[in-house]
Structure formats: structure tokens, C-alpha cells
Amino acid sequence: MRRLIATTAIAASVTMMIAASTAQARDQIRIVGSSTIFPLTTKVAEYFGKTTGEPAPVVESTGSGGGFKLFCGGIGSEYPDIVDASRQITGSETAICAANSVRNISEIKIGYDGIVLLGSRKAPAMTLSARQLYLALARTVPVQGASVPNPHVKWSDIDANLPDIPIRVYGPPPTSGTRDLMGQLLMDKGCAEFSDIASLEATDPESFRLLCRTIREDGAYIEAGENDRLVISKLEKDPKSYGVMGFNNLDRNREAMQGIPINGVAPDYDTILDGSYPGSRALYLYVKDDHQQLVRTLGAFVATYTSDAVIGEEGLLADNGLVPLPENERQEALAGAQKFSGN
């Protein structure tokens, strides 16, 4: 865990006084954030309620971006206590938090996941490069030195060895951390294989990101919201379609779903943990420290979430698709939780 915003003791005290004077304490923790982590955090919330006898936290799937927006709204009972996020908080989000007196935030890494392209077991199997994924999903692509609207209708339009079926990919909306990291981890890599675009990364990074991460809107990419179960259902009903999701969705649905290798590397526990799978990523909790004064069970819940029973190698979430932290990061998470809870 790391402290995101350094504050003086006086500033922290003032913030806590504001919280105490403007909000009434509540018994239930409120958590918002990533649709990828939503089923994992829901299981932790249920486990916490059963093992402690305390009220189970309320968990909402808002997307990482949507979760940070709510979390950074202010201090008090009407604002969430925790964001579970499939990416790190951005500088602009940190600034919004600070502007709204949310100045004491703790970041805790809970494990690893991967951004995967998956399809039904009945879908045509294929192996994609990051370059081919970019050419399938980007709104504009380079053709003879010019950036043009994506002309690829079928996968085979990109490469004759790919399936001769329409490109149809269900994916997360812009508020999703999965969408953000799909651009950063996969689209950027594929885009950078074109030398004229790659040169922009150093000279004009904003133009580089715009060219590489802007997703097509002609029907080939379908924004599927934050309901991952709905996407799995759509893929089962339409075996010629694919979906961009978190690895834990693949792991929980192995009998029905297949993962598509990227750059020759299949998504699994080992390749995500060692970073050889290009879509691997860390998952986080962001905790509003000042809400310890507002929700008496907040420290206990963080301790439960970071316990061996939950995120250890044989823990609850390892059985549900979370790739556990290596030992050194595991100890850091435990130390962070103890510090947060005041133990």
C-alpha cells in the first residue's frame, strides 16, 4: 500500500472533523468500482458478513472510472468508502479527490488479472497479434501512409489465416478500467508496430493515444455495459462473436469459454503473473482513510480482504480467478492493511 496524498496532521484532523460534523455514522460499508472485480468483492462482502456477523458491505458495479468519480465526490455517509479498481487512480482523479477534501487515500494491491479476448467454445479458434487486434478494433487505421476509417469487416480482411467471419466484439464502455487498459496494454502495442504512428508517442503523445485507443463505432465493437454475466450469455448465444473481459471471467467459465492467445501467449495464471501475457494487470482497492471515523467496520473489512483466507494462494478469490500476489507483494498488502486498521 502507498499513501497517495501527503497531508499535514492539522489538515487530516480538519478533514475528520468535517466528516464527523456533517455525516452520521453508518453500519454498512459502501463499495463501488470495477465490473471485473465486482464478483470478487461481492464474494468477500458475503464472506465478511458470514464470518464476522457484521452487515455485509453494499457492492456496486460502476466501472473503475465511474467508481472513482463517486468516491472522489467528498467525505461523508453519502459517498463510497472503497473503490475496487482494475487500474491505478489517475492524476486528474487524485486532483478531483483533493478538491473535494478526499485527501487521505490508501492504495492496496490485491492481486493480478488479465485483459482477455474470449469466445464460446464453439467459436472459431484463433491466435491474434496485438497488431491484428488493433486493426480489428480501432476507429481509424493506417492504409498506404494515410489514416482512414477502419475498412475491415471480417477477421480474414486483416489476415487470410484468420476466421472468415464478421468482426463482432462485445467490450466494456469508456468508464471501465478494462477499457482503459485494453487501450494501454493491447491497442498501443499493436498501433506502435506502424513506424509512422510509433514516432508520435515521443513527439505528440496525445495524438498517439487518440489514434491508437479510439475504438470504432460502426457496429464491429459493441459496448456491452458493466454486466459481465450478460456478455458471457451473449457469447454463448452467438458463437461467432468475441468479448473483451477480465481473466477471472474466463477462469470461472472454462467449460463454456476459450481465451484467445495474444502475440502467441495464452492467458493463464502463470503468464499473467510473470507478465509474459501482454494483457496482464494488477487489481487494487482504494480506501478512504477518513471514513474509519464514519464506518466502524472499515478497518476490519480491509483486514479480511487482504487476509490469506481471501487473497492467499489457497484463498477464496484464488478459486474465483484472481491470480495471487507474489510473496513480497503479499507481505506489503498485509502490512498496509495492518497500518490502515491501526493494528
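Rules used throughout
- Residues numbered from 1 in each chain as written.
- Predicted model: local features only at pLDDT ≥ 70, side-chain atom pairs only at ≥ 80, totals over all residues.
- Heavy atoms only, no water.
- Helix = DSSP H or I, 4+ residues; strand = E, 2+ residues; numbered from the N terminus.
- Buried < 20%, exposed > 50% of the residue type's maximum accessible area, 1.4 Å probe, protein only.
- Areas by Shrake-Rupley, 256 points an atom, 1.4 Å probe, with all protein chains shown as cover.
- Lys, Arg positive; Asp, Glu negative; His and termini not counted.
- Charge placed at Lys NZ, Arg CZ, Asp CG, Glu CD.
- Phe/Tyr/Trp six-rings, centres within 6.5 Å; stacked < 30°, edge-to-face > 60°.
- Lys NZ or Arg CZ within 6 Å of the ring centre and 35° of its normal.
- Contact = heavy atoms within 4.5 Å.
- Arc of directions from axis to C-beta.
- Expected span 1.5 Å × (residues − 1).
- Bend = angle between axes of the 7 residues up to and from the residue.
- Polar contact = N/O pair within 3.5 Å; in protein donor to acceptor, adjacent residues only side chain to side chain.
- 1 Å grid on protein atoms, 1.4 Å probe; cavity = no way out; pocket = protein on both sides within 12 Å on 5 of 7 lines; lining within 4 Å.
- Points joined across faces, edges and corners; volume = space filled by probe spheres on them.
- Nonpolar A, V, L, I, M, F, W, Y, C, P; charged D, E, K, R; others polar.
- Domains from an automatic or database assignment.
- Buried area = accessible area lost by both parts, 1.4 Å probe.
- Salt bridge = Lys/Arg side-chain N within 4 Å of Asp/Glu carboxyl O.
- pLDDT = per-residue confidence, 0-100.

Named according to an unreviewed UniProt entry, the protein is Phosphate ABC transporter substrate-binding protein, PhoT family originating from Thalassospira xiamenensis.

Sorry if this is basic, but what is going on with the overall build of the protein here?
The number of helices and strands found in the protein is 16 helices and 12 strands. By residue count, 54% of the 343 residues in the protein fall in the buried class. Approximately 14500 Å² of the protein is accessible, and the part contributed by carbon and sulfur atoms is 51%. Measuring between centres, the 32 positive side-chain charges of the protein sit 4 Å from its 41 negative side-chain charges.

So what exactly am I meant to see when it comes to the packing of aromatic side chains here?
The geometry of an aromatic ring pair is captured by two quantities: the separation of the ring centres and the angle between the planes. What the rule picks out here adds up to 7 aromatic pairs. A connected cluster of aromatic rings, assembled from ring pairs, spans F48, F301 and Y305. Here the guanidinium or amino end of K288 rests over the ring plane of F71, the centre of that ring lying 4.6 Å away.

Help me out: how do you make sense of the environment of D188 in this one?
With respect to the helices and strands, the residue D188 is situated in helix α7 (residues 177–191). When its relative accessible area of 10% is taken as the criterion, D188 is described as buried. Separated by 142 residues in the primary sequence, D188 and E46 place their C-alpha atoms 38 Å from one another. Discounting chain neighbours no more than four positions away, the residues touching D188 are G183, F208, C212 and R213.

How should helix α4 (residues 91–99) be read in this particular structure?
At 3.6 residues per turn, the α-helix brings residues three or four places apart onto the same side. Along α4, the residues that are buried comprise E93, T94 and C97. Considered in projection along α4, the buried side chains sweep an arc of 100° and stay on one side of the axis. Residues of α4 that are exposed and point over 90 degrees away from its buried face: G91, S92 and A99. In this structure, the buried side of α4 is in contact with α3 (64–71) and β5 (105–120). S101, located one to two residues past α4, shows a positive phi value of around 70°.

Could you clarify how one ought to interpret α7 in this entry?
The end-to-end C-alpha separation of α7 is 20 Å, in line with the 21 Å expected for 15 residues at 1.5 Å each. Of all the bends found along α7, the most pronounced is centred on G183 and spans about 35°. Within α7, 12 of the 15 residues are buried, which leaves it mostly tucked inside the rest of the structure. Structurally, the start of α7 carries an N-cap: the backbone nitrogen of T178 is 3.0 Å from a side-chain oxygen of S176.

Explain empty space enclosed by the protein here, please?
It is the rolling of a water-molecule-sized probe over the atoms that shows where space remains empty. The tally for this structure, following the rule as stated, stands at 2 cavities of 30 Å³ or more. Approximately 70 Å³ is the volume found for the largest cavity. Taken together, 13 residues make up the lining of the largest cavity; nearest its centre are S35, P172, D228, V244 and M245. At the level of secondary structure, the elements contributing two or more residues to the lining of the largest cavity comprise α11 (228–237) and β10 (242–246). Element by element, the count of residues in the lining of the largest cavity is highest for β10, at 3 residues. Looking at the lining of the largest cavity, its residues break down into 4 nonpolar, 8 polar and 1 charged. Here the second largest cavity defines a volume of roughly 40 Å³. Of all the elements in the fold, those that place two or more residues in the lining of the second largest cavity are β5 and α7. Here the lining of the second largest cavity gets 3 residues from one element, more than from any other, and that element is β5. A class-by-class count of the residues in the lining of the second largest cavity yields 9 nonpolar, no polar and no charged.

Explain the domain arrangement of the protein here, please?
Many analyses report the size of an interface as the accessible area lost when the parts associate. As far as domains go, the protein holds domain 1 (30–113 + 281–339) and domain 2 (114–280). For domain 1 versus domain 2, the distance between C-alpha centres works out to 27 Å. A per-residue breakdown of the area domain 1 buries against domain 2 is headed by D113, R281 and V323, which together make up 34% of the total. At the boundary of domain 1 and domain 2, one finds 1 salt bridge. The residue R87 makes a salt bridge to D180 at a minimum N-O spacing of 2.7 Å. At the junction of domain 1 with domain 2, the criterion picks out 10 residue pairs in polar contact (both at pLDDT 80 or more). Contributing elements (two or more residues each) for the side of domain 1 that touches domain 2: α2 (38–52), α3 and β5. The element that contributes the greatest number of residues to the side of domain 1 that touches domain 2 is α3, accounting for 3 residues. Here the side of domain 1 that touches domain 2 is built from residues that sort into 8 nonpolar, 11 polar and 3 charged.

Help me understand the confidence of the model for the protein in this model?
Note: predicted coordinates in regions of low pLDDT should not be interpreted at a detailed level. A residue-level look at the protein finds 92% of positions with pLDDT of 70 or above and a mean pLDDT of 89. Low confidence marks residues 5–23, where pLDDT is under 50. Its contacts with residues over four positions away, or in another chain, come to 20 contacts.

What exactly am I supposed to notice about the pattern of salt bridges here?
Opposite charge on two side chains permits pairing when their charged atoms draw close. One pass over the full model with this rule turns up 16 salt bridges. In this structure, D81 engages R26 in a salt bridge whose closest nitrogen and oxygen atoms are separated by 2.8 Å. Of the two residues, D81 sits in the loop between α3 and β4 (82–85) while R26 sits in the loop between α1 (9–22) and β2 (30–33), which places them 55 residues apart along the sequence. Note that R296 is salt-bridged to D27, the shortest N-O span being 3.8 Å. Taken together, the residues R296 in the loop between β12 (280–288) and α14 (298–305) and D27 in the loop between α1 and β2 connect sequence positions 269 residues apart.

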